[in-house]
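# Tertiary structure, described
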Amino acid sequence: MSSDWQQNEIVIVGAGLAGLFVALKLSPTPVTIVTSAPLGKGASSSWAQGGIAAAIEKGDTAFAHAMDTIAAGAGIVNAHIAHILTSQAASRVEDLLSYGTPFDRNLEGDLLLSQEAAHSARRVVRVKGDKAGWAIMKALISAVRAKSNIQVIEGYTAKKLATKNNAITGVHCWTGKGQHLFLRSRNVVLAAGGIGALYKITTNPKQANGEALAMAAKAGAYLADTEFVQFHPTAINADTDPAPLATEALRGDGATLINKNGTRFMANLNTDAELAPRDIVARAVFRENRDGRGAFLDCRDAIGADFETLFPSVYKKCRDAGIDPVTEPIPVAPAAHFHMGGIHTDAFGRTTLNGLWACGEVASSGAHGANRLASNSLLEAVVFAARVAEDLSQNTVFSTASKRNKKDQIEEIDRAKVILSNTHRKDIKEMRELMDHYVAIERNAQGLKHALARLTQMATKHRNHLTLSNMLTTARIITISALMREESRGGHYRTDFDHPRKEWAHRTYISLEQAEQAARDFLKPNRGSMQ
Ligand SMILES: Cc1cc2nc3c(=O)[nH]c(=O)nc-3n(C[C@H](O)[C@H](O)[C@H](O)COP(=O)(O)OP(=O)(O)OC[C@H]3O[C@@H](n4cnc5c(N)ncnc54)[C@H](O)[C@@H]3O)c2cc1C
């Protein structure tokens with residue numbers, strides 16, 4: 001880190017697509033990015049396979065894309081936000097091209113577009129089949145490294161926000177070995193990704209552990225729609241953590257889902273068969289596995305011998321797991337993949353706390369409602385990152401001190417709050433199992449209450465350990481919100497309320513205080529339903 005850095009006027013937490021894009025869009029304004037992992041690592045963005053959705057094909061429109069987004073979100077998408085998302089998509093794809101992303105093109109030089117589930121048109125731009133995330137991140141990292149106004153601090157995890165009078169004053173960060181760094185700033189952007197790693201089976205990197213949501217909630221920000229977690233139907237079932245993904249584009253290109261009897265089980269369940277909305281396909285795959293019939297993605301006819309050329313990442317993941325996708329069906333299982341919920345934000349990424357913005361997967365702007373449309377999340381990351389940058393460039397609050405504050409330094413303190421012991425690791429394992437068992441693809445009041453009771457015990461035990469307390473806070477808020485929503489909608493499926501209910505056709509907003517009150521109510525003996 002440069003010792004003559006003047007000030008941390010703007011701090012961005014997270015270096016995935018959203019964080020890097022905010023920094024680039026703010027250039028030449030000085031910004032500091034702090035990130036848990038080295039650049040390019042520990043970010044879902046680098047692992048994205050399918051691509052980024054934008055209505056750029058002749059005949060397709062941003063309006064049609066917004067309508068598909070709204071339909072996928074099962075009645076609770078914020079339509080204004082969806083129209084912003086889709087109408088700014090083409091310009092953001094242009095930005096990514098200008099930063100050097102080598103999107104695939106056809107022989108005429110036009111961008112090559114692929115079809116994904118629940119899109120009414122071919123509108124997903126991709127790179128070498130399944131390398132979109134990796135290629136976008138590679139281009140953006142080069143662009144960031146070339147900018148002298150962007151300072152990147154790698155290996156520090158933000159765990160606590162400092163506030164005064166409902167406004168942000170800085171971010172406390174730690175390395176895995178307990179070195180502490182306080183970044184003093186009145187303008188903080190959280191771009192720390194998702195929550196998949198709170199679940200035992202996930203496609204997300206381990207850094208996606210929900211700490212940022214807890215930090216924001218503890219500082220007083222509202223969260224939104226936290227009960228809505230998307231499970232990807234086709235993670236490769238190879239007993240690895242995280243679970244490698246077999247992209248939806250394979251189904252877009254004709255791969256089918258079969259059980260061990262060779263029966264194509266989606267064909268009878270939905271008119272769109274394998275390209276039905278993700279929650280429907282994920283539940284079907286879950287049930288085939290649960291009932292012992294097994295679930296497999298059969299790419300033999302649709303992709304066949306071209307697999308390695310067309311989908312090099314998936315091919316490698318399969319071969320690493322001892323599967324040859326050219327000659328045998330790929331065993332698949334659903335895995336926690338994307339959080340529709342997050343820190344409540346408006347159309348410019350502003351949270352309910354002064355000086356705190358959020359964008360990318362950590363935010364909940366209302367773009368996805370109860371279910372995200374495929375390839376809309378990379379899009380959300382760039383569209384709202386650009387809007388956060390636009391807002392910050394007009395509303396940045398400058399500190400009175402122009403020199404680096406003396407508190408911005410590494411101190412060897414508070415190790416006990418962050419270092420993970422064997423007991424902590426054991427409890428994290430149990431938390432992930434509880435989330436997978438009771439707060440996942442099928443939920444009911446009994447299971448959710450059981451999980452909440454145990455998660456609450458663990459949260460009390462670990463209240464002074466920041467990492468555990470943050471993870472457990474987010475896990476509990478997801479569980480509490482899932483208990484409150486007594487219906488089924490999109491990614492949230494309750495076996496005890498298995499239909500949508502019109503009184504629940506709205507988004508939900510929750511503060512930590514409200515969540516704690518609800519937890520106490522739910523855990524009272526003989527507690528009835530919320531409605
Ligand atoms: C396997 C996979 C495939 C996917 N495929 C697609 C796809 O094809 N199309 C699509 O649209 N979406 C896809 N998604 C979803 C999409 O990749 C993510 O939603 C999106 O990349 C999120 O970007 P982000 O910048 O918000 O978060 P991330 O890219 O996850 O970046 C988060 C950053 O924050 C850092 N971080 C986390 N916590 C902290 C902390 N407390 N302090 C400091 N740093 C922190 C992380 O290390 C990382 O740098 C996929 C996701 C996965 C996992």
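Sequence order sets the numbering: in each chain, residues are counted from 1 along the sequence as written. Where local features are concerned, this predicted model is filtered to residues with pLDDT of at least 70; where side-chain atom pairs are given and counted, the filter is 80 or more; whole-chain, interface and lining totals use all residues.

## Considerations on the overall build of the protein
Counting from the N terminus, the helices are DSSP H or I runs at least four residues long and the strands are E runs at least two residues long. Within the protein one finds 17 helices and 20 strands. Taken over C-alpha atoms, the radius of gyration is set against a globule rule of 2.2 Å times the number of residues to the power 0.38. Expected size for 531 residues packed as a compact globule is a radius of gyration near 24 Å; at 22 Å, the protein falls within 12% of this value. Its C-alpha atoms put the protein at 65 × 65 × 45 Å along the principal axes. Field definition: a residue is buried when 20 or more other C-beta atoms are found within 10 Å of its C-beta, exposed when 12 or fewer are, and partly exposed for counts in between, with C-beta atoms placed from the backbone. Expressed as a percentage of the 531 residues in the protein, the buried residues total 54%. Residue pairs in contact within the protein that sit at least 24 positions apart in sequence constitute 75% of those at least 6 positions apart. With C-beta atoms placed from the backbone, a contact is any residue pair whose C-beta atoms sit within 7 Å.

## Quick notes on the sheet that holds strand S3 (residues 52–53)
Here 3 strands make up an open sheet; going across it, the order is S3-S5-S4 and the pairing antiparallel. Where the open sheet ends on each side, the last strands, each with one partner, are S3 and strand S4 (113–114). Pairing of S3 with strand S5 (residues 124–125) involves 2 bridges; the strand directions are antiparallel. Bridge pairing in S5 places Ala 53 opposite Val 124. Strand pairing is defined by DSSP finding a minimum of two bridges between the two strands.

## Here's the deal with the domain arrangement of the protein
Domain boundaries shown here were taken from an automatic or database domain assignment. Under the domain assignment used here, the protein contains domain 1 (232–335) and domain 2 (416–522). On the side of domain 2, 4 residues touch domain 1, which itself brings 5 residues to the contact. Residues are grouped as follows: nonpolar covers Ala, Val, Leu, Ile, Met, Phe, Trp, Tyr, Cys and Pro; charged covers Asp, Glu, Lys and Arg; every other residue, Gly included, is treated as polar. Broken down by class, the residue content of the side of domain 1 that touches domain 2 amounts to 3 nonpolar, no polar and 2 charged.

## Let's talk about helix H9 (residues 278–290)
Given the number of residues in a helix, its expected span is that number minus one, multiplied by 1.5 Å. Under the 1.5 Å per step criterion, the end-to-end length of H9 is 18 Å for 13 residues, consistent within 8% with the ideal 18 Å. Along H9, the residues that are buried comprise Arg 278, Asp 279, Val 281, Ala 282, Ala 284, Val 285 and Glu 288. Looking at the packing, one finds that the buried side of H9 touches strand S12 (229–236), strand S13 (256–258) and strand S15 (330–339). Gly 292 occupies a position one or two residues after H9 and carries a positive phi of about 85 degrees.

## A few points about the pairing of S12
The two faces of a sheet get side chains in turn, since along a regular strand they alternate between them. Burial within S12 is extensive, with 8 of its 8 residues counted as buried. With 6 bridges connecting them, S12 and S15 associate as antiparallel partners. Residue Gln 230 lies in a different strand from S15, and its bridge partner there is Phe 338.

## A word on the pairing of strand S8 (residues 167–174)
The buried count for S8 comes to 6 of 8 residues, which makes it a mostly enclosed element. Across 7 bridges, the pairing between strand S7 (residues 157–164) and S8 is antiparallel. Opposite Thr 163, over in S8, you have Ile 168 as the bridge partner. The hairpin turn running from S7 into S8, its antiparallel successor, is 2 residues long, and Asn 165 in that turn takes a positive phi close to 50 degrees. The antiparallel hairpin formed by S8 and strand S9 (residues 180–184) contains 5 residues in its connecting segment, where Gly 178 sits at a positive phi of about 95 degrees.

## Overview of the sheet that holds S15
Spatially, S12-S15-S14-S13 is the arrangement adopted by the 4 strands of the open sheet, whose pairing is antiparallel. On the outer flanks of this sheet lie S12 and S13, each paired with one strand and no other. On average, each strand axis in the sheet is inclined to that of its neighbour by 45 degrees, with strand direction left out of account. H9 contacts S12, S13 and S15 of the sheet and is inclined by roughly 55 degrees relative to S12. Working convention: axes come from line fits to C-alpha atoms, limited for helices to the stretch in contact. Angles between N-to-C directions cover 0 to 180 degrees.

## Let's talk about the site of the ligand
Near, for a residue, is defined by distance from a backbone-placed C-beta atom to a molecule or strand, with 6 Å as the limit that must not be exceeded. Around the ligand, the surrounding shell holds 44 residues, and the nearest of these are Gly 14, Gly 16, Gly 50, Gly 193 and Gly 360. Listed by contribution, the elements that provide at least two residues to the shell around the ligand are helix H1 (17–26), strand S2 (31–35), helix H2 (44–47), helix H6 (132–145), S7, helix H7 (211–219) and helix H12 (376–395). Of the residues belonging to the shell around the ligand, the class tally is 21 nonpolar, 21 polar and 2 charged.

## A few points about unusual backbone geometry
With an omega of 10 degrees, the peptide bond between Ser 27 and Pro 28 qualifies as cis. When you line up the elements, Pro 28 lands in the loop between H1 and S2. A cis amide bond links Asp 241 to the next residue, Pro 242, at an omega of -5 degrees. Topologically, Pro 242 is positioned in the loop between S12 and helix H8 (249–252). Unusually for a residue other than glycine, Ala 273 sits at a positive phi of about 45 degrees.

## Re helix H15 (residues 445–461)
Here H15 is 17 residues long and its end C-alpha atoms lie 24 Å apart, about the 24 Å a rise of 1.5 Å per residue gives. Residues of H15 that are buried: Gly 447, Leu 448, Ala 451, Leu 452, Leu 455 and Met 458. Summarising the axial view, the buried residues of H15 lie within an arc of 130 degrees, below the 170-degree limit, and thus occupy one face. Turned more than 90 degrees away from the buried face of H15, the exposed residues are Gln 446, Gln 457 and Thr 460. Contacts made by the buried residues of H15 are with helix H14 (422–438), helix H16 (466–484) and helix H17 (512–522). For this quantity, the arc is that covered by the directions from the helix axis to the C-beta atoms.

## Remarks on the environment of Val 34
Here Val 34 is to be found in strand S2. A tally of 25 C-beta atoms within 10 Å means that Val 34 is categorised as buried. When the C-alpha atoms of Val 34 and Thr 157 are compared, they prove to be 7.4 Å apart, with 123 residues separating the residues in sequence. Val 34 has contacts with Val 11, Val 13, Ile 153, Tyr 156, Ala 158, Val 171, Cys 173 and Leu 183, leaving out every residue within four places of it along the chain.

## As for the packing of H14 against H16
Running from amino to carboxyl end, H14 crosses H16 at an angle of 10 degrees, the nearest separation of the two axes being 11 Å. One element, H14, and the other, H16, form an angle in the roughly parallel class. Of the residues in H16, those in contact with His 424, Asp 427, Ile 428, Met 431 and Met 435 of H14 are Leu 468, Met 471, Leu 472 and Ala 475. Of the residues belonging to the contact of H14 with H16, the class tally is 7 nonpolar, 1 polar and 1 charged. Throughout, the term roughly parallel applies to angles under 35 degrees, roughly antiparallel to angles over 145, roughly perpendicular to angles from 65 to 115, and oblique to all others.

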